Amino acid sequence: MEAPQKRKRISHELTHSQASNSESTPSTSTNDQREGFVEGSIVRITMHNFLTYDHSEVFPGPKLNMIVGANGTGKSSIVCAICLGLAGKTAVLGRGDKVGLYVKRGCNKGLVEIELYRASGNLIITREIQVENNQSTWMINKKHASQKAVEEVVKELHIQVGNLCQFLPQEKVGEFAKMSKIELLEATEKSVGPPEMYEFHCTLKTFRNKERELENVCKEKANFLEKARQRNERNKLDVERYYMKKRHLDRIQMLEKKKPWVEYETARKELEGVKKEREEMKRTLRSLKEAQEPLLRKIHSVDSQLQPIEQQMKELTASIRDASQKCKQKHEQLELKNKEVDDIRQEFSLKQTEEADRQKRIGHTLLMIKDLQTELQSMGNQEDVTPQIETVNAKLRNIQEEKAKLEGERLDLRRDKDEATGELRRLQNRLRSLEDMMRIKEEKLRSRFRDTYNALMWLRRNRDRFEGNVHEPMMLVINVRDPRHAKYIESHIPFNDLKAFVFQRQEDMEKFMTEVRDSLNLRVNGVIAPLESCAKRPPSRSLDSLKRFGFFSYLRELFDAPEDVMSYLCHQYRVNDVPVGTEKTKNMIEMVIKEAQLRTIYTAEEKYIVKKSFYSNNVVSSNSALRPSQFLTTAIDADERQQLEEQLRAAERQVQIIDDRMNAIHEQQAQLDRRDNELRAKKKQLSELKGKKRQLEQKISTKQDSLRQMQQNEINLQAVEEETNAKTSAVNNKKVAIMEEYLTYMKLKARLSMDKVYLALQSAGLTAEKTKLETDCRDSSAELKRAEVAYTKLDQTKTNLLAQCKTLMRRASEICNMTPGETVVPEELHAAFSQLPDTLDEIDVMLNEEKARAECFTGLSDTVVEEYNRREQEIKNMEKELDDKTNALNTYRQNIAEAKERWLNPLKQLVDQINEMFSDFFRSMQCAGEVDLHSENEILGNIPSV
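Bear in mind the structure is a predicted one, so any value in this text is a computation, not a measurement.

**Observations concerning the overall build of the chain**
Then step 1. A count of helices and strands for the chain gives 19 helices and 18 strands.
Then step 2. Classification of the 946 residues of the chain by burial places 36% in the buried group.
Then step 3. The long-range fraction of contacts in the chain, counting pairs at least 24 apart against all pairs at least 6 apart in sequence, stands at 72%.
Then step 4. Carbon and sulfur atoms make up 49% of the accessible area of the chain, which amounts to about 58,700 Å² in all.

**A few points about helix 1 (residues 75-85)**
Then step 1. Among the 11 residues in helix 1, 11 count as buried, and that is most of the element.
Then step 2. Of all the positions in helix 1, only Lys75, Ser76, Ser77, Ile78, Val79, Cys80, Ala81, Ile82, Cys83, Leu84 and Gly85 are classed as buried.
Then step 3. Residues of helix 1 that are buried make contact with strand 1 (42-50), strand 2 (53-58), strand 3 (109-116), strand 4 (123-130) and strand 5 (135-140).
Then step 4. The first or second residue beyond helix 1 is alanine 87, which carries a positive phi of 65 degrees.

**Remarks on the pattern of salt bridges**
Then step 1. Evaluated as defined, the whole model comprises 26 salt bridges.
Then step 2. Note that arginine 675 and glutamate 678 form a salt bridge whose closest N and O atoms lie 3.5 Å from each other. Taken together, the residues arginine 675 and glutamate 678, both in helix 15 (residues 638-712) and 3 residues apart, mark about one turn of the helix.
Then step 3. On the basis of relative accessible area, arginine 675 is assigned to the partly exposed category, the value being 37%.

**Some remarks on the environment of proline 837**
Then step 1. Structurally, proline 837 can be placed in the loop between helix 17 (827-833) and helix 18 (840-855).
Then step 2. Taking the C-alpha atoms as reference points, proline 837 and valine 262, separated by 575 residues in sequence, lie 9.7 Å from one another.

**What to know about the nonpolar core**
Then step 1. Counting 50 residues, the largest nonpolar core has Ile478, Phe512, Leu555 and Leu569 as its most contacted members.
Then step 2. At 6 residues, helix 12 (residues 563-573) tops the list of elements feeding residues into this core.
Then step 3. Here leucine 555 is in contact with Tyr488, Ile489, His492, Val575, Val578, Val580 and Tyr602, once residues within four sequence places are set aside.
Then step 4. Grouped together as the second largest cluster of nonpolar side chains are 36 residues, Leu86, Val103, Val153 and Leu157 included.

**Describing a negative patch on the surface**
Then step 1. Together, Asp912, Glu916, Glu930 and Asp932 make up a negatively charged patch on the protein surface.
Then step 2. Tracing the backbone shows aspartate 932 in strand 17 (residues 932-936).
Then step 3. A relative accessible area of 32% means that aspartate 932 is categorised as partly exposed.

**A closer look at unusual backbone geometry**
Then step 1. Of note, the phi angle at arginine 574 is positive, near 50 degrees, even though the residue is not glycine.
Then step 2. Following the sequence through the fold, arginine 574 ends up in the loop between helix 12 and strand 13 (579-580).
Then step 3. By relative accessible area, arginine 574 is classed as partly exposed at 40%.

**Overview of the sheet that holds strand 6 (residues 143-145)**
Then step 1. Spatially, 2-1-3-4-5-6 is the arrangement adopted by the 6 strands of the open sheet, whose pairing is antiparallel. Strand pairing shows two members of the sheet lacking a second neighbour, strand 2 and strand 6, which therefore form its edges. Taking the axes of each pair of neighbouring strands and ignoring which way they run, one obtains an average angle of 20 degrees across the sheet.
Then step 2. Strand direction decides the pairing type here: strand 5 and strand 6, joined by 3 bridges, are antiparallel. For isoleucine 140, the partnering residue across the bridge sits in strand 6 and is lysine 143.
Then step 3. Sitting on the sheet, helix 2 (residues 147-156) is in contact with strand 4, strand 5 and strand 6, with an inclination near 50 degrees to strand 5.

**Thoughts on the environment of isoleucine 665**
Then step 1. With respect to the element layout, isoleucine 665 can be found in helix 15.
Then step 2. Judged by its relative accessible area of 0%, isoleucine 665 is buried.
Then step 3. Along the backbone, isoleucine 665 and leucine 406 are 259 residues apart, and their C-alpha atoms lie at a distance of 6.5 Å.
Then step 4. Other than its neighbours up to four places away in sequence, isoleucine 665 contacts Leu406, Glu409, Arg410 and Leu413.

**Quick look at the packing of aromatic side chains**
Then step 1. Throughout the structure, instances matching the rule amount to 8 aromatic pairs.
Then step 2. Relative to phenylalanine 512, the ring of phenylalanine 501 lies with its centre 4.8 Å away and its plane at 50 degrees, an arrangement referred to as tilted. Placement of phenylalanine 501 in strand 9 (residues 501-503) and of phenylalanine 512 in helix 11 (residues 506-519) is noted, with a sequence separation of 11 residues between them.
Then step 3. In this structure an aromatic cluster arises from ring pairing among Trp458, Phe466, Phe501, Phe503 and Phe512.

**Comments concerning the packing of helix 7 (residues 450-461) against helix 11**
Then step 1. Relative to each other, helix 7 and helix 11 sit at 125 degrees, their axes nearing to 11 Å. One finds that helix 7 runs oblique with respect to helix 11. Seen from above, helix 7 lies across helix 11 with right-handed handedness. Contact residues: helix 7 offers Ala455, Trp458 and Leu459, while helix 11 offers Phe512, Glu515 and Val516.
Then step 2. Residues that form the contact of helix 7 with helix 11 fall into these classes: 5 nonpolar, no polar and 1 charged.

**A short note on the pairing of strand 15 (residues 606-612)**
Then step 1. Examined bridge by bridge, strand 14 (residues 600-602) and strand 15 share 3 bridges and lie antiparallel to one another. Bridge pairing in strand 15 links threonine 600 to isoleucine 609.
Then step 2. Connecting strand 14 to the antiparallel partner strand 15 that follows it, the hairpin turn spans 3 residues.

**Comments concerning the sheet that holds strand 7 (residues 470-471)**
Then step 1. With mixed pairing, 3 strands are arranged side by side in an open sheet as 7-9-10. The open sheet is flanked by strand 7 and strand 10 (526-528), the only strands paired with a single partner.
Then step 2. In this structure, strand 7 lies alongside strand 9, joined through 2 bridges in antiparallel fashion. Bridge pairing links valine 470 to phenylalanine 503 in strand 9.
Then step 3. Relative to strand 10, helix 11 is tilted by about 170 degrees, and along the sheet it contacts strand 7, strand 9 and strand 10.

**Notes on the side chain of serine 567**
Then step 1. Along the chain, the position of serine 567 falls in helix 12.
Then step 2. Apart from residues no more than four positions distant in its own chain, serine 567 is found in contact with Pro530, Glu532, Ser533, Cys534 and Ala535.

**Some words on the environment of asparagine 895**
Then step 1. If you trace the backbone, asparagine 895 turns up in helix 19 (residues 862-924).
Then step 2. Under the relative-accessibility criterion, asparagine 895 is labelled partly exposed at 25%.

**Focus: the side chain of threonine 452**
Then step 1. Positionally, threonine 452 belongs in helix 7.
Then step 2. The exposure class of threonine 452 is buried, given its relative accessible area of 2%.
Then step 3. Non-local contacts of threonine 452, meaning those with residues more than four positions away in its chain, are made with Leu445, Pro473, Lys499, Phe501, Arg523 and Val524.

**Some remarks on a nonpolar patch on the surface**
Then step 1. Nonpolar side chains collect at one region of the surface, where Met754, Val757, Tyr758 and Leu761 lie side by side and expose about 440 Å² of accessible area between them.
Then step 2. With respect to the helices and strands, leucine 761 occurs in helix 16 (residues 717-815).
Then step 3. The exposure class of leucine 761 is exposed, given its relative accessible area of 61%.

**Remarks on helix 11**
Then step 1. The first and last C-alpha atoms of helix 11 sit 19 Å apart over 14 residues, in line with the 20 Å expected at 1.5 Å per residue.
Then step 2. Here helix 11 has its buried residues at Asp508, Met509, Phe512, Met513 and Val516.
Then step 3. Looking one or two places after helix 11, you find asparagine 521, whose phi comes out positive at around 60 degrees.

**Re the confidence of the model for the chain**
Then step 1. When pLDDT is averaged along the chain, the result is 76, and 82% of the positions lie at 70 or above.
Then step 2. The weakest mean pLDDT in the chain belongs to strand 18 (residues 938-945) at 37; the strongest belongs to strand 9 at 94.
Then step 3. This model gives residues 1-33 a pLDDT under 50, and the stretch forms 78 contacts once residues within four places in sequence are excluded.
Then step 4. In the model, residues 936-946 has pLDDT below 50 throughout and makes 37 contacts with residues more than four positions away in sequence or in other chains.

What counts as what
- Residues numbered from 1 in each chain as written.
- Predicted model: local features only at pLDDT ≥ 70, side-chain atom pairs only at ≥ 80, totals over all residues.
- Heavy atoms only, no water.
- Helix = DSSP H or I, 4+ residues; strand = E, 2+ residues; numbered from the N terminus.
- Buried < 20%, exposed > 50% of the residue type's maximum accessible area, 1.4 Å probe, protein only.
- Contact = heavy atoms within 4.5 Å.
- Areas by Shrake-Rupley, 256 points an atom, 1.4 Å probe, with all protein chains shown as cover.
- Salt bridge = Lys/Arg side-chain N within 4 Å of Asp/Glu carboxyl O.
- Core = buried A, V, L, I, M, F, W, Y, C linked by side-chain atoms within 4.5 Å.
- Patch = residues over 30% accessible without salt bridge, like charges linked within 9 Å, V, L, I, M, F, W, Y side chains within 5 Å.
- Lys, Arg positive; Asp, Glu negative; His and termini not counted.
- Charge placed at Lys NZ, Arg CZ, Asp CG, Glu CD.
- Pairing = 2+ DSSP bridges.
- Axes fitted to C-alpha atoms, helices over the stretch in contact; angles between N-to-C directions.
- Phe/Tyr/Trp six-rings, centres within 6.5 Å; stacked < 30°, edge-to-face > 60°.
- Parallel < 35°, antiparallel > 145°, perpendicular 65-115°, else oblique.
- Left-handed = near helix turned anticlockwise from the far one by under 90°.
- Nonpolar A, V, L, I, M, F, W, Y, C, P; charged D, E, K, R; others polar.
- Expected span 1.5 Å × (residues − 1).
- pLDDT = per-residue confidence, 0-100.

Here it is, written out as structure tokens:
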């Protein structure tokens, strides 16, 4: 084992050893060196170009237990040589995974040679390692051999470099400490016990595993057997219910067989009655047909007289329709001629109106020309306004230039304002996020320490009442730079101080406590910062001197706070002098406590308090796990917040300056717009005055042209009137001719209508006679039809009943399994039918009752009986299997007892020997130690414990 700093291990002896880092001649073992050696003891270790050695030979004593020495003396090199020289795996060492890495740097190959004591002659194992291909060459007693052969001879000497109880490198101490007690027991058996002891242990575990398997199998089979019995017991009732249901189903089957025969007999009797009724209806139908024949002959005679009259009436109707059509056409022609006359007169009236309008327009135009000429004459003496218009135009151009300049400046200011507003919004958002984080911290304070929170609210409202600095509770003003380090700060500073207010002056604290404690009855804490600031106090030693122990910072460098708060923490809790370490610090904590001489130490997850006993000067340390942070995980950069507030005020001032300048520009633009409007109105007035004379001359010319045009368009009303009278006379002559033709057609229509009336009277008499005859015949026909329908129905009923009887007979024969053509019920069915009802109603009632009773037995089938019988057979088979497994379990238990006896007794003797030696070792250190064998639950759980 390589463990130079482990106090609970003892080095028995390292009797003669030599080591050098220079070339030396190999030494040979003397006889006195081999006294006390046992089989497999290491006599000599030779290393050439191996790790830190150029060439070295080590001669251990016969009781090598531990290799100790100062750092850098080559302990690990010797341990690695023992492991690799005895065919051990590189994984055992916990260093490099390739053997080529163990050759000294800069060399191509290295050599390890180990001489082992053996009564029949020492065994020399040589291993040469090549760096280039990471391969090894093996020799046994200077003869080439395979690695397998080396492993076999090492195993024969009971050397186990993979067993941590026999060979423990420094890098594997952690794994050794993590070994379970059962793993320690097995490793001890392999290491110091006889070979058969571990084999007995493995055999015993195998037997016990099989015993457990058999116990589980027996338990499962017993449970399954019990469940099968219970299930079959429940199914026994289902079997009985199955047979009850079968009896009801048999009766239902017999009722269903008899029912068709009863239906057939009922249908047969009904058929006989229908046949008799059909014959009576046939005789009645014959007598009704004989009584109807005279009426039909009279109706035929009247029809022969009506046919010529109806033909004449059709011809007269067609002639009357033609005459009416002609009258309608002539009437429409007269309407058209009347409209034509109206159109001619309307056209003359329009001409008259048009001429009157022309005369009015001529008079109106003459008046307008006279007024325009008068206005033109009155403007003859006005001066020229062109110079005045030019002056106004020059002023307008100057105003436009000033407006363009102001608009350019306004656009530049708008861009500047947009940029300033964007920056202001960004600063506001960032400050708001910081304030949100502060509110989170304040909410935690309010939920956990309500009195402190209420006092904080009072302080913010009355801060002007204090002369010196008054800082809010430390948990609000402390800002941890990395949230992962908050647990160190909270572990170091008590909660009472984290929620305390920090005062710069004593009188301010007294005034505050008087208000919040006495007046408001709030329980709060307050502390006073030192008169002389300790915030910049340097640590007692440089951090560089502690970095080799894994320390990376002092507590003060992990957080920010106001100077008064930091001064108090440095003075009260020495945050400037408490280092914070890593996992490396924890792994070497004993060395840190011994050499660093620190009072408070933080590792990655633990806090160590180191004290020196007042009486014995012994160093006593205690450690506790760090709890997760509750209050300081939310980090707020105070410098960033102050800088943001200053930048925010500067941005607001910049926006205000831009707004003021833009308002001034807007006012200037408004003044220029008013001046521009005034000049444009004046220019419009002058322009109108200049162009008014030209417009008047143009209007007079236009009106004179229009007057000449109207005078040329005169209408001759006398000629138009004569033309209108001539057209009207021609149209009236045509109307007279059309009227004469209209009267002719009206007379023809009246004469034809009289002829049609006479024929209609004659036809009405004959029609009345025919109607009377048809009524009498219709009554006779209705009775005859009813008789025919009744006869048809009876005939259809007879056919249906006959087919039904055949169908029922065939169905009854099929249900009773009778041969085709057989009409007599078999004797065996006849006897069963005699015990059943003889009517359909009674059969249906009994059939429904039996079906209802059968339906009460739900969930039953033939498989219920089959499953019941099958499970009965399975129960018998399972009972036999359970007996066989129980007998096998008893046999295994007997074997376990025998194997246990063979294994446990030698093991107890071995543990007693180990205990005696272990106790001696501890007594030599004035300590007490014991190794004992304990049993937990079962013998297979035996574990050693110290």
